[in-house]
Every structure is written in C-alpha cells, then in structure tokens.
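Working through the structure, step by step
What follows is each chain in one-letter form.
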Amino acid sequence: MTDAAKSKFTPRVFSGIQPTNHLQLGNYLGAVKRFVEMQNSGVETIYCIVDLHAITVWQNPGDLRNATRELAASYIASGLDPKRSILFNQSQVPAHAELAWIFNCVARMGWMNRMTQWKDKAGKDAEKASLGLFAYPSLMAADILLYHATHVPVGEDQKQHVELTRDIAAKFNHDYGVDFFPMTEPVIEGVATRVMSLRDGTRKMSKSDPSDASRINLTDDADTIAQKFRKARTDAEPLPATLEGLKDRPEARNLVNIYAALAETSPEAVIGEFAGKGFGAFKPALADLAVAKLSPLAAEMQRLMADPAEIDRILGDGADRAAAIAQPILDRVYDITGMVRSRRR
Ligand code: AQP
C-alpha cells in the first residue's frame with residue numbers, strides 16, 4: 001500500500017457492493033476475491049452491502065431483502081470471515097446517510113454531472129432519474145470517509161467515483177481549514193478489473209444487464225455455466241500465439257482474462273497453453289474451470305441462505321462494530337461544520 005498509508009491515517013480498507021440481483025462473475029473476480037485477499041493481508045477491512053445505494057433505482061422490497069442476505073452469503077462463501085472483517089449492510093448504520101447529506105453540501109452539481117455511471121444509468125431521460133442516483137457518488141464518498149478508509153479495492157468502473165471521493169475530502173478539508181479526511185486511493189489490480197459481457201465484448205458484465213446470458217451469476221448451476229460459455233460471443237479465429245494477437249478481439253481477450261483470473265495465473269500463461277486452439281476446445285476448458293471454482297461457492301451460499309437469522313445476526317454484529325468506528329468521526333464532522341450537539345446520549 002502506498003501514499004495514503006504513509007500519512008497520519010492508519011491503513012484501513014473499505015469497499016461495498018449493491019444488493020441488486022445476483023452477484024456476477026465480474027463482481028466476484030474484480031471485487032469480492034480481492035476483498036478476501038486484502039482481509040488476509042493484515043490490514044483492518046470493512047465490507048459493506050450498500051442497500052441505500054441499491055434503491056437509487058427502484059427495488060422490490062422483498063427482492064432487496066433477499067439480495068442483501070444473498071450478498072452476505074456470497075461474501076462469506078468466498079472466504080470473508082465476519083470475525084476478521086467487519087461485514088454489515090449500510091442502512092443499519094445511519095451515519096452513512098448523515099455524512100452523505102453533509103457531502104451533498106460540499107460536492108458540486110458539475111462534479112456529479114460528469115460521472116459516467118450517472119450518464120449511463122440515467123440514460124437519455126435524466127429528468128426522470130431519481131435525485132438519489134445523481135447523488136450516488138456523494139453517498140459513496142460518505143461510506144468510505146466515515147471510516148477514514150485509506151484504500152478502496154474496486155473494479156475499473158468505480159475508479160471515477162473514488163477520485164470524486166478524494167475531491168470531496170479535499171474540498172471539505174479546504175473549506176473548513178482542517179486536515180480531517182484522508183486522500184483515499186483506489187486499488188485496482190489483477191487481470192479481472194473489467195470483466196466484459198459474454199454477449200458484447202465492449203460492455204462490462206453487469207448484474208442488471210437485461211440479458212441473463214451476458215453474465216455468469218454465482219448462483220448458476222454447472223449446466224447453466226457451461227451453456228453460457230458455449231454460447232458466449234467470439235470470433236472464428238483460433239487463439240493467437242501472443243497476447244498482442246488479442247488486441248482487436250475483445251470477446252476472445254475477455255475469455256482469456258476470465259480463465260487467467262479463475263486459474264490465478266497470467267493471460268500470457270493461458271495463451272501459452274491454448275495457442276492455436278479454437279474456441280471449440282477453449283470454451284469447454286473454461287467452463288470446467290469455472291464450474292470447479294464456483295460450484296463449491298454456490299453450495300456454501302445455499303447452506304448459509306438456509307439460516308437467514310444467522311446472516312441477520314452477523315450483519316447486526318458487523319453494524320455495531322462499524323458504528324463504533326463511524327460515530328466519533330461523524331460527531332467530529334458535526335463539530336467541524338458548526339452543528340450544536342447538546343443532546344445527552
Ligand atoms: N464487470 C466487472 N468487472 C470487474 N469488476 C466489476 N464490478 C462490477 N462489475 C464488474 C465491481 O464490483 C463491485 C460492486 O459493484 P456494484 O454492485 O456496487 O455496482 P456496479 O459497479 O454497477 O456493478 P454491477 O454488477 O454493474 O451492478 P449493477 O448492475 O447493479 O449496477 C465494484 O467494485 C465494481 O467495480
């Protein structure tokens with residue numbers, strides 16, 4: 001870990017995922033797998049299920065509740081230990097929403113307007129998008145800065161939001177003449193920082209893509225995984241002898257990257273193994289590897305989901321531990337901004 005870790009702030013990792021639909025392979029390889037690696041690196045790690053972010057686009061309440069528990073199960077099944085990491089859902093720690101309000105008053109409309117996720121998700125009819133979707137990055141900045149997090153592991157698509165978090169921290173520090181918030185760094189590493197759709201190599205794999213065939217869900221069974229890889233869009237050429245040969249072949253490049261990430265090797269090594277082979281040979285090998293890696297995870301998720309009360313207990317315990325870190329930081333923010341706090345607690 002670099003810069004921010006060298007400052008006065010103790011290294012601390014925070015990241016979150018929205019409980020929207022089932023977790024997909026891109027979330028797993030680009031985020032959750034990295035979260036587990038960071039947990040095992042000895043730094044304090046805080047992982048959140050960002051349910052307040054999820055409702056920036058309408059969610060059926062029953063589905064949201066289920067997706068929140070399923071995401072908790074995915075985290076734990078992937079190796080996240082709720083005793084070593086703090087695992088909780090955002091809405092159980094009201095300080096997130098409180099700090100987000102303060103940041104709404106620090107951040108500028110122009111900053112939000114420039115966010116590519118806002119442009120993508122609001123689409124052509126931005127007038128009809130929720131105010132929450134527009135302010136999404138401000139709540140994300142609050143998630144991170146509420147814990148003085150120094151490092152945020154994310155996929156490539158979230159880089160711009162972490163940069164905005166730094167802008168908000170810097171403006172707050174400047175406007176109030178303090179050195180209170182750290183300059184958080186995004187941690188975007190590995191070969192799977194941008195897993196692409198199986199139907200279109202120019203779009204990222206996404207939980208909310210209307211086409212289920214575009215993604216591998218962590219809940220997919222072995223047959224579904226094999227079928228989705230078999231039907232994945234590719235070209236007719238065999239795999240080249242070097243990575244350079246994949247330059248203008250986004251779909252082929254994507255499958256090679258997925259294989260490398262699942263096998264915990266490099267794309268070069270994958271090319272070394274499959275050079276000259278067609279997709280008729282590569283796709284079944286990829287499907288077998290994915291099934292071998294993901295099936296135990298899906299089975300463990302199913303086992304955990306059979307006891308929702310235990311998941312709720314874990315999330316409640318995590319929320320208490322998160323609030324114990326967050327509240328003094330929020331209290332200090334209220335103090336810095338001039339709010340009178342005379343209520344006895
Ligand atoms: N395709 C991807 N490749 C690598 N990383 C990815 N992430 C998302 N998609 C990919 C990373 O997963 C984390 C959680 O993301 P999120 O749920 O908070 O929102 P998102 O980035 O918008 O992910 P989705 O799957 O596209 O969700 P929906 O469809 O609900 O918006 C982040 O670290 C993200 O970078």
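Here the structure is shown first, and the text comes after it.
Throughout, residues of each chain are indexed from 1 in the direction in which the sequence is written. For a predicted model such as this one, the threshold for reporting local features is a pLDDT of at least 70, and the threshold for listing and counting side-chain atom pairs is 80 or more; totals across whole chains, interfaces and linings nevertheless cover every residue. In computing side-chain values, all of the structure's heavy atoms are included and hydrogens and water are not.

Regarding the nonpolar core
Throughout this description, the term nonpolar core refers to a set of buried Ala, Val, Leu, Ile, Met, Phe, Trp, Tyr and Cys residues connected via side-chain atoms within 4.5 Å. The cut-offs for exposure are 20% and 50% of the maximum accessible area for each residue type, with area from a 1.4 Å probe on protein chains only; residues under the lower value are buried, those over the upper are exposed, and the others partly exposed. Among the nonpolar cores identified, the biggest contains 60 residues, and Leu25, Leu29, Tyr75, Phe229, Ile258 and Phe282 are the most heavily contacted of them. Examining the composition of this core, we find that 11 residues originate from one element, helix H14 (residues 279-305), more than from any other. Per the annotation, domain bounds derive from an automatic or database assignment of domains. Three or more residues apiece are contributed to this core by two domains, here domain 1 (3-188 + 307-337) and domain 2 (212-303). Listed in part, the 49 residues of the second largest apolar core include Met115, Phe134, Val152 and Ala322. Secondary structure is summarised from DSSP: a helix means a run of H or I of at least four residues, a strand means a run of E of at least two, and numbering begins at the N terminus for each.

Brief notes about the packing of aromatic side chains
Each Phe, Tyr or Trp ring, with Trp reduced to its six-membered ring, pairs with another whose centre is within 6.5 Å; inter-plane angles below 30 degrees give stacked pairs, above 60 give edge-to-face pairs, and intermediate values give tilted ones. A complete count under the given rule lists 15 aromatic pairs for this structure. Taken together, a centroid distance of 6.5 Å and an interplanar angle of 25° make the contact between tyrosine 47 and tyrosine 75 stacked. Here tyrosine 47, found in strand E2 (residues 44-49), pairs with tyrosine 75, found in helix H4 (residues 61-77); they are 28 residues apart in sequence, far enough to count as distant. Just as tyrosine 47 is buried, tyrosine 75 falls in that class too. Ring centres of tryptophan 118 and phenylalanine 134 lie 4.9 Å apart, and the angle between their planes is 75°; this geometry places the pair in the edge-to-face category. In this pair, tryptophan 118 sits in helix H7 (residues 116-122) while phenylalanine 134 sits in helix H8 (residues 131-134), placing the two residues 16 residues apart along the sequence. Taken together through their ring pairs, the aromatic side chains of Phe103, Phe172, Tyr176, Phe180 and Phe181 make up a single cluster.

Some thoughts on the site of the ligand
Any residue with a heavy atom lying within 4 Å of a molecule or strand is counted as near it. Taken together, 23 residues are adjacent to the ligand, and Lys121, Asp157, Ser206, Lys207 and Ser208 come closest. Threonine 20 is positioned such that a nitrogen or oxygen atom in its side chain is 2.7 Å from an oxygen atom of the ligand. Nitrogen and oxygen atoms within 3.5 Å of one another constitute a polar contact, given that in protein one can donate a hydrogen and the other can accept it, and given that sequence-neighbouring residues count only through two side-chain atoms. Within the side chain of serine 208, one N or O atom sits 2.3 Å away from an oxygen atom of the ligand. For the shell around the ligand, the element with the most residues is helix H2 (residues 25-39), which contributes four residues. We call Asp, Glu, Lys and Arg charged. Ala, Val, Leu, Ile, Met, Phe, Trp, Tyr, Cys and Pro are nonpolar, and the rest, Gly among them, are polar. Split by residue class, the shell around the ligand holds six nonpolar, 12 polar and five charged.

Re the pattern of salt bridges
Salt bridges, as used here, are contacts in which a Lys or Arg side-chain nitrogen is within 4 Å of a carboxyl oxygen on Asp or Glu. On inspection of all chains with the given rule, the structure shows 21 salt bridges. The shortest N-O distance in the salt bridge between lysine 33 and glutamate 37 comes to 4.0 Å. Of this pair, lysine 33 and glutamate 37 both sit in helix H2, four residues apart, roughly one helical turn. In this structure, arginine 69 and aspartate 312 form a salt bridge, with 2.7 Å as the shortest nitrogen-oxygen distance.

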